[in-house]
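# Fold and geometry: a report
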Amino acid sequence: MTQNSAEKTPVTLLGLGAMGTALARTWLAAGHPLTVWNRTPGRAAGLAGEGAKAVGGVAEAVAASGLVVVCLLDDASVGEALADVDLAGKDLVNLTTTTPAQARDRAAWARERGARYLDGGIMAVPPMIGVPEAGGYVFYSGAEAVFEQHRETLAVPAGTTYVGEDTGHAALHDVALLSAMYGMFAGVHHAFALIRKEDIDPVAFAPLLADWLAAMAQGVHLTAGQLRSGDYTQGVVSNLAMQVAGTPTFLSTAEQQGVSPELLRPYFDLMARRLAEAGGEEDLTGVVDLLLR
Ligand code: FVH
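Residues numbered from 1 in each chain as written. Predicted model: local features only at pLDDT ≥ 70, side-chain atom pairs only at ≥ 80, totals over all residues. Heavy atoms only, no water.

### Describing the overall build of the protein
Per the secondary structure count, the protein includes twelve helices and eight strands. Taken along its principal axes, the extent of the C-alpha atoms in the protein is 65 × 45 × 35 Å. Looking at the protein residue by residue over its 293 residues, the buried ones come to 39%. Expressed as a percentage of contacts within the protein between residues at least 6 apart in sequence, the contacts between residues at least 24 apart total 58%. Taken as a whole, the protein presents about 15600 Å² of accessible surface, with 58% of it coming from carbon and sulfur. Of note, the protein has its 19 positive side-chain charges centred 5 Å away from the centre of its 32 negative side-chain charges. (Helix = DSSP H or I, 4+ residues; strand = E, 2+ residues; numbered from the N terminus. Buried < 20%, exposed > 50% of the residue type's maximum accessible area, 1.4 Å probe, protein only. Contact = heavy atoms within 4.5 Å. Areas by Shrake-Rupley, 256 points an atom, 1.4 Å probe, with all protein chains shown as cover. Lys, Arg positive; Asp, Glu negative; His and termini not counted. Charge placed at Lys NZ, Arg CZ, Asp CG, Glu CD.)

### A short note on the site of the ligand
Around the ligand sit 22 residues in total, of which M19, N38, T40, R43 and T97 are the nearest. Here an oxygen atom of the ligand and a backbone polar atom of G17 are 3.3 Å apart. A18 is positioned with one of its backbone polar atoms (N or O) 2.9 Å from an oxygen atom of the ligand. Contact with the protein chains hides 78% of the accessible area of the ligand, taken as 900 Å² for the molecule alone. Elements that contribute at least two residues to the shell around the ligand include exactly α1 (18-29) and α4 (75-82). The element best represented in the shell around the ligand is α1, accounting for three residues. A per-class count over the shell around the ligand returns eleven nonpolar, eight polar and three charged. (Near = heavy atom within 4 Å. Polar contact = N/O pair within 3.5 Å; in protein donor to acceptor, adjacent residues only side chain to side chain. Nonpolar A, V, L, I, M, F, W, Y, C, P; charged D, E, K, R; others polar.)

### Things to note about the domain arrangement of the protein
Per the domain assignment, the segments making up the protein are domain 1 (3-165) and domain 2 (173-291). Each of domain 1 and domain 2 has a C-alpha centre, and these two points are 38 Å apart. Across the contact, eight residues belong to domain 1 and five residues belong to domain 2. In this assembly, domain 1 packs against domain 2 so that about 490 Å² is buried in total across both faces, 76% of it on carbon and sulfur atoms. On the domain 1 side of the contact with domain 2, M123, F139 and V163 bury the most area, a combined 62% of that side's loss. Counting across the domain 1 and domain 2 interface gives zero residue pairs in polar contact (both at pLDDT 80 or more). Elements represented by at least two residues in the side of domain 1 that touches domain 2 include exactly β6 (116-123) and β7 (137-142). Element by element, the count of residues in the side of domain 1 that touches domain 2 is highest for β6, at three residues. Looking at the side of domain 1 that touches domain 2 residue by residue, the class counts come to five nonpolar, three polar and no charged. (Domains from an automatic or database assignment. Buried area = accessible area lost by both parts, 1.4 Å probe.)

### Quick word on the side chain of D91
Relative to the helices and strands, D91 is located in strand β5 (residues 91-94). Given a relative accessible area of 6%, D91 falls into the buried group.

### Notes on helix α7 (residues 169-195)
Taking 1.5 Å of rise per residue, 27 residues should cover 39 Å, and α7 covers 39 Å from first to last C-alpha, within 8% of that figure. Among all positions in α7, only A170, A171, D174, V188, H190, A191 and I195 are buried. Taken together, the buried residues of α7 touch α5 (100-112), β6, β7, α8 (202-217) and α10 (240-256). (Expected span 1.5 Å × (residues − 1).)

This is the structure:
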């Protein structure tokens, strides 16, 4: 059901950093009555000029709306900001990046104070907020009733992906995707280091790298299928024995190019361990099991 302007859900937003400010602008543009609070009040001035109600106290901000969205630096700042605030009857949606355990603890903390709780993990940077074609979205987990009731309002800044009642799962999805991103950037940086001292234009090299990574990213589906079936030899294209045999080439090339192997070597060590334990017919998927403690 689409709300007309007069029925738009009032929103309170706590936190006007780079992300909070971007979120705020989208709710204002969509016609939601918006109350904002920030620890450093000066950051609210611009939004007040755009139609937000900027208040000086966090309790006043929370009292203004049934839906309270929090986007602060970290979990500690959420606890600090809301320590003495009456949350009874509120729907608290926390978009602050946390660990899964912090999200679950924060949900219990909110319940004890009479609030319903939904956790969010933002898969976007501020310029992607309010730009649907940029592809940004937010993982949500926790109280499904809160998600359903506010789905339309939550979809204003970015897409929404609900990942279940376990409150920790939005944070877990968020951190898992970002961890994969850091692994990817580790490889990207190693690749650029390899060509850095040569007469190779990094700008010309970049599309080759990006296209290769995009093609190889399809491998996550094969990995997922193998993890689900438990058969890591299923559909193998490049087996582990062949890949481990190739690792000296990568390490020697790094040596010859004057590049530290410190990003590659830990992964190669895991590949060699898995080869020793499980044989060479598998894919790389067995490394997942080696990481589990
Ligand atoms: N910006 C990004 O690229 C990422 C994208 C993915 C999601 N993250 C997470 O979003 C949360 C907020 O990030 P942000 O970009 O808005 O961060 P800052 O610009 O640094 O603003 C931080 C706000 O938190 C307030 N704050 C800090 N400590 C406290 C505290 N103890 N009590 C109350 N408020 C606090 C700070 O207030 P002030 O310094 O202006 O007074 C800002 O409003 C974050 O979890 C990212 O991981 C963003």
